[in-house]
Amino acid sequence: MVTFWVSVLAVSALLYVLLDGFDLGIGILFGLTRDEGRRRAMLSAVAPVWDGNETWLIATGVVLWGAFPIVYATLMSAFYLPLMLMLAGLIFRGVAFEFRNKTERMRWVWDAGFAGGSLAAALMQGAAVGALVEGLRFSHGEYAGGELGWLSPFAVLCAVGLSLGYTLLGACWLIRKCDGEVRASAYRLIPYLSVALLVFLVVVFVYALAENLQVMGRWLERPYLFAFPIIAVAAAVALTASVRHRRDGLPFYMGSIVFAAAFGTLAASFWPYMIPFSITIDEAAAPHSSLAFMFWGAGLVVFPLMLLYTVIGYSVFRGRAQPTSHLYQ
């Protein structure tokens, strides 16, 4: 049962990163343009799927709460402030998405909310990941880092890096869904975003070596971890080729593989810890009876239905987006 729920947690988290990642990236790109036509096209590209994408964040939280309550409690203690800021950003962008087409005079407020909420959510998620990689401070098995124990230069660096990654993923999605100048602009942006992301990875690697982060020791202990960077490099090469030859269908998939490889790297580096390097999976797991009880409802019915809903939703809305000024009217 523990392995099943770890797998469900991993799938839910990865799907959230990939699916909500690209629409957070589009939100960031939305703030970088002032052309109303392009903005409407960007909104149309995510309109049918954005709220379903965020469902995977809820699924991740529910699995942590039910199957790994110690981890849930620890993460809430450590990341209370960034989690609240992230949720505020997600709520504000959701409200802005609905309201901006209902007004003219105050539209700039909702546009700022959509872009700012997207950026805030991406930054907070990146900071949390960076803090986990760097390691949280524990005392007698409990979090002892305080309200700002998560905040460090490395966490800030990871916040910027994840925001760049989401923006790259968003540009790849715009290529897949949009035509005209939006598509052309996304093609122009991808090389710059790719170089910026590469610089970020080099800086992170140098920082980790300089600070002798514990996670780096796992690369010497587990040589198979090098398979993930190899996969990422191959996907990055394919992404470059698809952008050069204007193959609209490939960039998003290649960008997703890069993200999945990075996710796999972290997961394999942390194993068997859920909070590196303090709480293991077995220590964090709820009693077997609780895991079994969850399995017959959430595991056997709800989770498969969510997967099915996601597959059907993306299949139904697989075509090019059609910009409209009345998305919800």
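What counts and what doesn't
- Counting restarts for each chain, with residues numbered from 1 along the sequence as it is written.
- This being a predicted model, a pLDDT of at least 70 is required before a residue's local features are given, and a value of 80 or more before pairs of side-chain atoms are given or counted; all residues contribute to the totals for chains, interfaces and linings.
- Processing note: side-chain calculations cover all non-hydrogen atoms of the structure and skip hydrogens and water entirely.
- For this document, the term salt bridge refers to a Lys or Arg side-chain nitrogen within 4 Å of an Asp or Glu carboxyl oxygen.
- Helix and strand labels come from DSSP, where a helix needs a run of H or I of at least four residues and a strand needs a run of E of at least two; each type is numbered from the N terminus.
- For the exposure calls, accessible area comes from a 1.4 Å probe over protein chains only, and a residue counts as buried if that area is under 20% of its type's maximum, exposed if over 50%, partly exposed in between.
- The patch calculation keeps residues exceeding 30% relative accessible area without a salt bridge and links them within 9 Å when they carry like charges or within 5 Å when they are nonpolar (Val, Leu, Ile, Met, Phe, Trp, Tyr).
- Areas reported as accessible are Shrake-Rupley estimates using a 1.4 Å probe. Residue values count occlusion only from the protein chains shown.
- In this description, a line fitted to the C-alpha atoms serves as the axis of each element, helices being fitted only across the stretch in contact, and the angle between N-to-C directions of two axes falls anywhere from 0 to 180 degrees.
- Working rule for angles: under 35 degrees goes down as roughly parallel, over 145 as roughly antiparallel, 65 to 115 as roughly perpendicular, anything else as oblique.
- Note: crossing handedness is left-handed where the near helix turns anticlockwise from the far helix by less than a right angle, and right-handed where it turns clockwise.
- Note on contacts: a residue pair is in contact if any heavy atoms of the two residues lie within 4.5 Å.
- Residues are grouped as follows: Ala, Val, Leu, Ile, Met, Phe, Trp, Tyr, Cys and Pro are nonpolar; Asp, Glu, Lys and Arg are charged; all remaining types, including Gly, are polar.
- Residue types Ala, Val, Leu, Ile, Met, Phe, Trp, Tyr and Cys, when buried and joined through side-chain atoms within 4.5 Å, form a set referred to as a nonpolar core.

**Q** Could you clarify how one ought to interpret the pattern of salt bridges in this entry?
**A** Opposite charge on two side chains lets them pair, provided their charged atoms get close. For the coordinates displayed, the defined rule picks out 13 salt bridges. The salt bridge partner of Asp 111 is Arg 39, with a shortest N-O separation of 2.8 Å. Pair noted here: Asp 111 is in helix 6 (residues 107-134) and Arg 39 is in helix 2 (residues 36-46), with a separation of 72 residues, a long-range link. We classify Arg 39 as buried; its relative accessible area is 9%. The partner of Arg 100 in a salt bridge is Asp 111, and the shortest N-O contact between them spans 2.5 Å. Of this pair, Arg 100 sits in the loop between helix 5 (80-99) and helix 6 while Asp 111 sits in helix 6, and the two are 11 residues apart along the sequence. Classification of Asp 111 as buried rests on a relative accessible area of 7%. Three or more residues joined by partner-sharing salt bridges are found here, namely Glu 36, Arg 39, Arg 40, Arg 100, Arg 107 and Asp 111.

**Q** Please clarify how a nonpolar patch on the surface should be interpreted in this entry.
**A** A surface patch of nonpolar side chains, amounting to about 880 Å² of accessible area, comprises Trp 296, Leu 300, Val 301, Val 302, Leu 305, Leu 308, Ile 312, Val 316 and Phe 317. As for its placement among the helices and strands, Val 301 is situated in helix 13 (residues 288-316). When its relative accessible area of 40% is taken as the criterion, Val 301 is described as partly exposed.

**Q** Honestly, the packing of helix 7 (residues 153-177) against helix 11 (residues 251-270) in this entry has me stumped. Any pointers?
**A** Helix packing for two helices is described by the angle between their axes and how far apart those axes are. One can describe the packing of helix 7 onto helix 11 by two numbers: an axis separation of 8 Å at closest approach and a directional angle of 155 degrees. Judged by the angle between their axes, helix 7 and helix 11 are roughly antiparallel. Relative to helix 11, helix 7 is oriented so that their crossing is left-handed. The segment helix 7 lies against helix 11, with Leu 162, Gly 165, Tyr 166, Leu 169, Cys 172, Trp 173, Ile 175 and Arg 176 engaging Pro 251, Phe 252, Tyr 253, Gly 255, Ser 256 and Phe 259. Taken together, the residues that form the contact of helix 7 with helix 11 break down as 10 nonpolar, three polar and one charged.

**Q** Sorry, what's going on with the side chain of Ser 118 here?
**A** The residue Ser 118 is located in helix 6 in this model. For Ser 118, the contacting residues outside a window of four places in its chain are Leu 24, Gly 27, Ile 28, Arg 93 and Gly 113.

**Q** Help me out: how do you make sense of the environment of Val 316 in this one?
**A** Examined against the element boundaries, Val 316 turns out to sit in helix 13. Overall, the relative accessible area of 56% leaves Val 316 in the exposed class. Taking the C-alpha atoms as reference points, Val 316 and Pro 48, separated by 268 residues in sequence, lie 9.5 Å from one another.

**Q** Before we go on, may I ask you to explain the nonpolar core in this structure?
**A** Inside soluble globular proteins, nonpolar side chains tend to come together where they are buried. Ranked by internal contacts, the top residues of the largest apolar core, which has 95 residues, are Trp 5, Phe 22, Phe 68, Phe 79 and Leu 174. Broken down by element, the residue count for this core peaks at 14 residues, all from helix 1 (residues 2-30). Here Leu 174 is in contact with Ile 26, Leu 29, Met 42, Ala 45, Val 182 and Ala 186, once residues within four sequence places are set aside.

**Q** What exactly am I supposed to notice about unusual backbone geometry here?
**A** For residues that are not glycine, phi is negative in most cases, and the peptide bond is trans in most cases. Across the junction of Trp 271 and Pro 272, the peptide omega takes the value 5 degrees, indicating a cis bond. Tracing the backbone shows Pro 272 in the loop between helix 11 and strand 3 (273-275). Of note, the bond from Pro 276 into Phe 277 is cis; its omega dihedral lies within 30 degrees of zero at -15 degrees. When you line up the elements, Phe 277 lands in the loop between strand 3 and strand 4 (279-280). The backbone phi angle of Arg 246 is positive, close to 55 degrees, even though this residue is not glycine. Relative to the elements of secondary structure, Arg 246 occurs in the loop between helix 10 (227-244) and helix 11. Accessibility expressed as a relative area gives 44% for Arg 246, which makes it partly exposed.

Honestly, that's just the spatial picture; any functional story needs more than this.
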